[in-house]
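If you want the building blocks of each chain, they are given just below.
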Amino acid sequence: MAEAADIQGMKHSPARRRLGRTAAVATGVPLLAGLLGGLAAPQAAAAGPTVSAATTEAATASPASAAAEPSGSSTVSVALDTLAPSAPTKGDTLTISGTVTNKSKKPVTDAQVDLRVGPRLNGRTAIDDAVERSSDTTYDPLPVGGKYKVEFDKLASGISYDFALSVPVNKLGLGADGVYQLGVTLTGRTAAEPYDHTLGVRRTFLPWQPEAVDTKTKFTYLWPLISTSHISAETGSDDQQTPVFENDDLAEELAPGGRLEQLVSLGSQLPVTWVVDPDLLATVVAMTEPYRVRDGNSTVTGKNQLVARTWLNSLEKAVQDNPNIVALPFGDPDLASLAHGGENVSGTLGHLQGSSEVAALTVESTLHVQPATDFAWPVNGAVDPAIVDVATSAGADKVISRSDSIQDNLPYTASAARPIGGGTTAVVSDTRLSTAFESDVSTAGSSTLAVQKFLAQSLAVTLQDSSKQRNIVVAPQRTPSAGQAQSMARALQGLDGQRWTQSSDLVAAAAAKPDTNATTKVPGASRYPDKLHDQELPPSAFEEIKGIDERLGKFKAILTLPDRVATPFANAVNRAVSTSWRGDVQGAREYRASVNRYLMSLSSEVQLIQKSELTLSGRSATIPVTVQNQLLQDVDHLVLRLQSTNKTRLKLDDGSAVTQQEIKIDGGHTQVVKFTGTANANGPVGLTAQLYTADGRPYGNPMTFQVRVSELTPTVMLVIAGGVLLLVLAGVKMYSQRKRAVAAKAAEDKTAADAAAEAGGTDEDAGEDEGEVAENGDAHDGGPADDAAAVDDAKTAPAPVAPPSAEEIPGDVDGAEPGQPSDPTPDTRPESGDPSGKGEKVDR
């Protein structure tokens, strides 16, 4: 029988079903058709609790029927909690335990629990048919009977009763190797139907392969260690850059019994291929050291270091024993969202390249093993040409797909590896096996049914063609719950005997020889599931991320230690496009917004200080502009540009309307940058200051302020010149008066001396005087005596007042002219009566 029904959701034609029933009748087994229809291992039951069948009933019935009194095989709910061994061999005893619950309002009497074994199912399609026909009990096979039953005198309404059956395998009537139907039924009587009939049934599958097959199926099971994004872009200002977590929820997953703890604990004992998101490892490593957790508008100290260290140590030991590990790109980016929503946004795919490069380094430094980094894993393995292009753009040449995306039409399940062109290999996982544990398996009954169905499908794959060596890959859901992980582990433990499978790893499966009959064509975009498309990040999300990139680029350009922000923000951007945001549109939006807010807050730490209005007195003055750096690191490669809105009224530096200076500011300091302005006319002038990066991109917001020019006018110059002239004239007048006073006193002294000589002189005196004169020289000849008298007069005369110097009197006394009003006034420093602007000082 062809196995094209491996395509998820495909129905089987009535003709095929009739053919199967006709063949059954021809073999002389009249009940085969009824048994095929009577097997009921409902997928809905595997998805939910079985202690109360009301849950299962409500999933399929209308509100009116759900409220009606249950009847027939729905009267009693039967749950199978354990079935061991799950794949028995000869000589084993099969033990089944569970509960029965009367859902009706009336008691059930003469109740009996029996085990019934149906015929062997031929192939995977027959297993699917059995699941679809879960409620038909018309042709149930006979019970094993004998002592292998459990009896109840009465089942009260709403009460659950435990049961346990132990039956030797040789009593089950199993024949050839294969998958058998196995049912547990409850028969009894009710007041409305007082005769023995089936009131409840639960069916499952029993794989029967007591001896190892000659050609085993190589079986690869992926074991994902992936979580949601927990860490923010924010870090502390200390040297260690203490990380800040959005929440502390990851600790619950790492703690004993938590989801991730169970995955590591169980996976360490299984032959699996670890598929790890390096972001999870980086986050746990951050938790092993001091960390902060956001709490409203503040942060609190994280307290789960021990939990993180314990989990990390357990994982490191597990991968040392089993080094088959695949590292996804950092943050597990949503490849489909990138392909469909980010393809037209420039720079989007650049993040994928960076996340792939950091993946190997993160795993190696944390777990000390070399991972495979050339695998890409789209959501649910759904691919189209655009997704494949994006997946391979970062260096991956192997894409993990699924058989409901790349579909075959073969009578058997083909090997996983498919060459799809361009040197790329699609590793096609099996849909049935990969989705076996996606439903709710939190109860023992639902888990048991899921495990038995998984084992049945795996055996059916091998028995399709025992001569072909095939490689089957199972890629389960990305983030299995603790209960799902436990069910997955039970299923793999059921394969421990390796009677029909042998364990392999993903690298070997991808390198295996492809099946030449298998499909190698990637489906078109129109076949991509709408449900998955609706969960993708919208194009607007990638526009937001582009804005973050641009702001980050400008911010890094001015830093002397750009790595302190480059790494945290690059990782945050990778987390912003994570697959984990599927189904959480609001959470994804809030995360992007938080990254953007924090980046803007950091960028605003380097800013211009707003100035008040300045007043410039004079034609030339200095204009200060203050730049503040509140970061803890220096900023460099920053240009401050000042522009005048009125070049005619106020020119800057070299006479133009725009001037600029390169600046460098130490961390935690401010700097005053001074520009020279030249005024040509009075009045207000608007100035705009703007910071730029070295490559000419504006940084931060511009700062505008006003300068009021107040130049010295010609009238003021005339008044000043007149005052100077009056001072000069007053000095000349004082000098003239002092000179006349000195001359008058000298004349009075000479007259008095002459009068005294005439009144007191005699002839003798005159003779003596003449004799003395004769001896010393002729007095009338102007000799030495006259010179001496002149000297004496000079000694007694007052000293003349020195005239003002040429520097003090710019012109002659009579014709001195003051400076002209049109002469330029000397340059002065700017003066202002206004207080200095805030922060306008130079740090020393």
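Residues numbered from 1 in each chain as written. Predicted model: local features only at pLDDT ≥ 70, side-chain atom pairs only at ≥ 80, totals over all residues. Heavy atoms only, no water.

A. How the structure looks around the overall build of the protein. Assigned secondary structure in the protein consists of 24 helices and 29 strands. For the protein, the proportion of its 844 residues judged to be buried stands at 46%. For the protein, the share of sequence-separated contacts (at least 6 apart) that also reach a separation of at least 24 residues comes to 79%. With the model as given, the accessible surface of the protein reaches about 39900 Å², and the carbon-plus-sulfur share is 51%. (Helix = DSSP H or I, 4+ residues; strand = E, 2+ residues; numbered from the N terminus. Buried < 20%, exposed > 50% of the residue type's maximum accessible area, 1.4 Å probe, protein only. Contact = heavy atoms within 4.5 Å. Areas by Shrake-Rupley, 256 points an atom, 1.4 Å probe, with all protein chains shown as cover.)

B. Expanded view of the packing of helix 19 (residues 539–557) against helix 21 (residues 585–603). Interaxial distance between helix 19 and helix 21 falls to 10 Å at its minimum, and their mutual angle equals 20°. Judged by the inter-axis angle, helix 19 sits roughly parallel to helix 21. By crossing handedness, the relation of helix 19 to helix 21 is classed as left-handed. Only R592, V595, N596, L599, M600, L602 and S603 of helix 21 make contact with helix 19, whose side of the interface consists of A541, E544, I545, I548, R551, L552 and F555. Residue classes in the contact of helix 19 with helix 21 are distributed as nine nonpolar, two polar and three charged. (Axes fitted to C-alpha atoms, helices over the stretch in contact; angles between N-to-C directions. Parallel < 35°, antiparallel > 145°, perpendicular 65-115°, else oblique. Left-handed = near helix turned anticlockwise from the far one by under 90°. Nonpolar A, V, L, I, M, F, W, Y, C, P; charged D, E, K, R; others polar.)

C. A look at helix 8 (residues 259–267). Of all nine residues making up helix 8, eight are buried, and the element is well covered by its neighbours. Among all positions in helix 8, only R259, L260, E261, Q262, L263, V264, L266 and G267 are buried. Taken together, the buried residues of helix 8 touch strand 8 (217–225), helix 7 (250–254), strand 11 (273–276), helix 9 (278–287), helix 10 (305–321) and helix 16 (482–494).

D. How the structure looks around the pairing of strand 9 (residues 231–235). Burial runs high along strand 9: four of the five residues are buried. Where strand 9 meets strand 10 (residues 243–245), two bridges bridge the pair, whose relative direction is antiparallel. Bridged to T235 within strand 10 is P243. (Pairing = 2+ DSSP bridges.)

E. Molecular detail of the environment of I472. Inspection of the secondary structure puts I472 in strand 19 (residues 471–474). Take I472: its relative accessible area is 3%, and that puts it in the buried class. Expressed as a C-alpha distance, the spacing of I472 and A414, which sit 58 residues apart in the sequence, is 7.9 Å. The residues contacting I472, other than those within four sequence positions of it, are T217, K218, F219, T220, T413, A414, D430, L433 and V461.

F. Representation of the packing of aromatic side chains in the model. For the structure shown, the criterion picks out eight aromatic pairs. Ring geometry for F437 and F454: centres 5.5 Å apart, planes at 40°, overall tilted. Of this pair, F437 sits in the loop between helix 14 (431–434) and helix 15 (444–464) while F454 sits in helix 15, and the two are 17 residues apart along the sequence. For F437, a relative accessible area of 2% corresponds to the buried category. Three or more aromatic residues joined by ring pairs make a cluster, and in this case those are F219, Y221, W223, F437 and F454. The ring of Y692 has R641 sitting right over it, with the charged end atom 4.0 Å from the ring centre. (Phe/Tyr/Trp six-rings, centres within 6.5 Å; stacked < 30°, edge-to-face > 60°. Lys NZ or Arg CZ within 6 Å of the ring centre and 35° of its normal.)

G. View of the sheet that holds strand 7 (residues 197–208). What the four strands build is an open sheet, ordered 4-3-6-7; its pairing is antiparallel. This sheet does not close on itself; its edge strands, each paired only once, are strand 4 (149–155) and strand 7. Neighbouring strand axes in the sheet, compared pairwise and without regard to direction, differ in orientation by 25° on average. The pairing of strand 3 (residues 108–121) with strand 4 spans six bridges and is classified as antiparallel. Across the sheet, residue T109 finds its bridge partner in strand 4, namely K154. Against the sheet, helix 15 touches strand 6 (178–189) and strand 7, its axis set at about 45° to strand 7.

H. Representation of the pairing of strand 23 (residues 620–629) in the model. Within strand 23, nine of the ten residues are buried, which leaves it mostly tucked inside the rest of the structure. Sheet topology note: the strand 21 (residues 606–608)/strand 23 ladder contains three bridges and is antiparallel. In the strand pairing of strand 23, L608 is matched with V627. Where strand 23 and strand 27 (residues 669–679) come together, ten bridges link them in antiparallel fashion. Note on strand 27: the bridge partner recorded for V625 is V673.

I. Region of the structure containing the pattern of salt bridges. For the structure shown, the criterion picks out 21 salt bridges. The residue D334 makes a salt bridge to R582 at a minimum N-O spacing of 2.8 Å. Here the residue D334 occupies a position in the loop between strand 14 (325–327) and helix 11 (335–341), and R582 occupies one in the loop between helix 20 (563–576) and helix 21, the gap between them amounting to 248 residues. For the residue pair D334 and R582, the accessibility class agrees, reading buried in each case. The salt bridge involving D397 is made with K398; its shortest N-O contact spans 3.0 Å. For D397, a relative accessible area of 29% corresponds to the partly exposed category. For K398, a relative accessible area of 15% corresponds to the buried category. Through salt bridges with shared partners, one network takes in D110, R189 and D196. (Salt bridge = Lys/Arg side-chain N within 4 Å of Asp/Glu carboxyl O.)

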